[in-house]
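The primary structure of each chain is shown beneath.
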Amino acid sequence: MTQFKQQFDALLDYWPDENTALRKVRMNAFNHFNKLGFPTKKWEEWQFTDFSEIRKSEYRLSWSEDLPELPDNIPGRISNTHFIFMINGHYQPQLSDLPKGVTVSTGLNHFHGHPDDYKINGSENPFLALNTSMMNSGVPIIVENNAVIEKPIQVIYLMTDFLEPLMNHPRFIFELGGNAQASIIEHYIGISSISHYVNSVSKIKVDQNAQLSHIRILETDDSANYTASTQYVLGQDAQLNTTSLSSGGRLFRHDIKLVFDGLGAKATLNGLSLTEKAQHHDQHVIVDHGNDACQSHQLFKYILADKASGVFNGKVVVREHTKQTDADQSNKNLLLSPTALMNANPQLEIYAEDVKCAHGSTTGQIDPEALFYLRSRGISKKKAIELIIGGFAKDIITPIQNDDVRYYINNKVTNWLEGVMHHG
Amino acid sequence: MLKIENLHAGVDGKEILKGISLTVNPGELHAIMGRNGSGKSTLANVITGRDSYEVMSGSVTYNEVDLLELSPENRALSGIFMSFQYPVVIPGVNTTYLLRAALNAKLKNNGLKEINAADFMRLIREKLKLVNMDEKYLSRAVNDGFSGGEKKRNEILQMLTLEPELSILDETDSGLDIDALKIVAEGVNNFRNSDRSFLAITHYQRLLEYMKPDHVHVLIDGKIVKSGDITLAHELEEKGYSWLES
């Protein structure tokens, strides 16, 4: 904890002339974070995840001298996409490729325009407070009203090539104006044997009748810790499709919250988590139906190998007096080893009558009947297992509309699988 | 071709097959008849190598190779195929992919070149016609959303594609209406030749009206109590199984 205090002080020293209102927000947030502390096993919403390594860590913030030489080939680049690039937290605007109708503003600008977006409002998520106090990277991306952006916008946040444990607290804003259409890939990549910590907050607004496809990818080495909050606000008749692929990391905790701020909006939230060795992924999803005629569909899948562990906690809330809510939530988990562990807790809180709701969670191993069936056709045991696991992941991958994105994610899953099969 | 000698086998230490001996020669169709629980499916599972079944004593050889030493996939690659009593749904794995992977595994095992996508589609369209299946099934996940009859036809489609030497038809007639039964039987009949053998496991003689067996064996309590020709099946239909019980 003292490390975080030191780093907070260092940040204040680093930017002595920072805007006073922003500075006040930081100080309040840090006080709030201090009050909350890191989650412990006694916190109900956090009980299955051990944050002590982050708490005891020696991470320091990434400063401008931590900007390494830019790689010749940026890892993770997806073909036929617009591009925004950050390396060790440092934005590289000279590499940006953005279409008409899309603006990248600065954090300070956005803060001035939307000070309320930075309020913590007594949130019990200490990582949100920590991010607000130390926000040091990330960009606001604004898509104009009526703009239709054909190619996806890929935002790569790369952590690589550093010599001591670094941390960053990126704050992303993605806003789609009314009737706009866009696809944004929020892509975290960690390539380093030295540990790093990324604590991101992404606030995403989809205005009236706009359509957003949000792809979130995390791929990182074993030593890294990632915590993240993603908050969606959907306006009237807005449509959101999300796919999240998370693989690797020592620890990944992701809090997703979706609020319907208008009537008739639709959201699909899909996620695939891939863990092996002693990796741990913990995802909490809250979908809050506070308006009429909104739809939400969730499908979260986990594949766990070796001694990996996973947590899925999903909650759908349907507020009083709302009508015609259609919400479902499904969580399916595949354990590839007897030492892998999954904690699943899907919940519905329904305070209205006119609702169509369903939820369910299953955790199982590779179906021995399916395995025997494939082997009885002459397919090797290894290949058969690969086919079954690939089949399990398919209903996350297939709905991705953009061919290049789907191809990239499919490749990631296939490569991960081959890796697991190879050492497994 | 297939030689079973004094086979004792079961599940969880419980003996189900109590000394089976059976020889199937090239070109022959043998019917194994018996009531539920007589050990018919156990026999099929032991031949194909399902994990949960253990062999207590006896032997099963196939073309003079000890079959019991082989993995299920190697049994398949050596020419054995089973049409499942309950075909398994495999979510996310499409039917074309399975068929092609299985065929290529066989070609590769036989030292031949893998089949390319275009040739494979030509081949599979021909086979689909033989079992009166629509092409739309190919893009679906294996057996996912298939009716009982469609699942059984899909089994026969796989048999026709993989061209095994020995086909075990485990209750292939169960759950089929008479039209589907005719299609399946015709698929099998057209596939018969002097090199291919069949082991048809069934409860009723209905199936055997459409595919004429060379030999009929009656299995009761894990033993073959009587063997004969098609007339034995007719006799069973008339008198039931009880006249054979001791």
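Residues numbered from 1 in each chain as written. Chains lettered and ligands numbered in written order. Predicted model: local features only at pLDDT ≥ 70, side-chain atom pairs only at ≥ 80, totals over all residues. Heavy atoms only, no water.

What follows covers the nonpolar core. If you look at the biggest cluster of nonpolar residues, it comprises 99 residues, and the most contacted ones within it are A:Ile409, B:Leu2, B:Ile4, B:Ile47, B:Ile90 and B:Met159. Take this core: its biggest share by element is nine residues, from helix H7 (residues 381–397) of chain A. For this core, the two domains that each supply at least three residues are domain 1 (2–262) and domain 2 (366–424) of chain A. Discounting residues that sit within four places of it in the chain, B:Ile47 has contacts with B:Leu2, B:Ile4, B:Leu67, B:Arg75, B:Ile80, B:Ile168 and B:Leu199. By size, the runner-up hydrophobic cluster in this structure holds 52 residues, among which are A:Val155, A:Leu176, A:Ile184 and A:Ile204. (Core = buried A, V, L, I, M, F, W, Y, C linked by side-chain atoms within 4.5 Å. Buried < 20%, exposed > 50% of the residue type's maximum accessible area, 1.4 Å probe, protein only. Helix = DSSP H or I, 4+ residues; strand = E, 2+ residues; numbered from the N terminus. Domains from an automatic or database assignment. Contact = heavy atoms within 4.5 Å.)

The subject of this paragraph is the domain arrangement of chain A. All names here are of chain A. Its domain assignment divides chain A into domain 1 (2–262) and domain 2 (366–424). Taking only C-alpha atoms into account, the centre of domain 1 sits 31 Å from that of domain 2. Listed as interface residues are twelve residues of domain 1 and, on the opposing side, nine residues of domain 2. Taken together, the two surfaces of domain 1 and domain 2 that pack against each other cover about 930 Å², and 73% of this comes from carbon and sulfur. It is Ile-78, Thr-243 and Leu-245 in domain 1 that bury the most area against domain 2; as a group they hold 41% of the surface buried on that side. One salt bridge in this structure joins Lys-412 and Glu-219, with 2.9 Å as the shortest N-O distance. Applying the counting rule to domain 1 against domain 2 returns three residue pairs in polar contact (both at pLDDT 80 or more). Listing elements by their share of the side of domain 1 that touches domain 2, those giving two or more residues are strand S9 (181–191), strand S11 (211–220) and strand S13 (239–248). The leading source of residues in the side of domain 1 that touches domain 2 is S11, at three residues. When its residues are assigned to classes, the side of domain 1 that touches domain 2 shows six nonpolar, five polar and one charged. (Buried area = accessible area lost by both parts, 1.4 Å probe. Salt bridge = Lys/Arg side-chain N within 4 Å of Asp/Glu carboxyl O. Polar contact = N/O pair within 3.5 Å; in protein donor to acceptor, adjacent residues only side chain to side chain. Nonpolar A, V, L, I, M, F, W, Y, C, P; charged D, E, K, R; others polar.)

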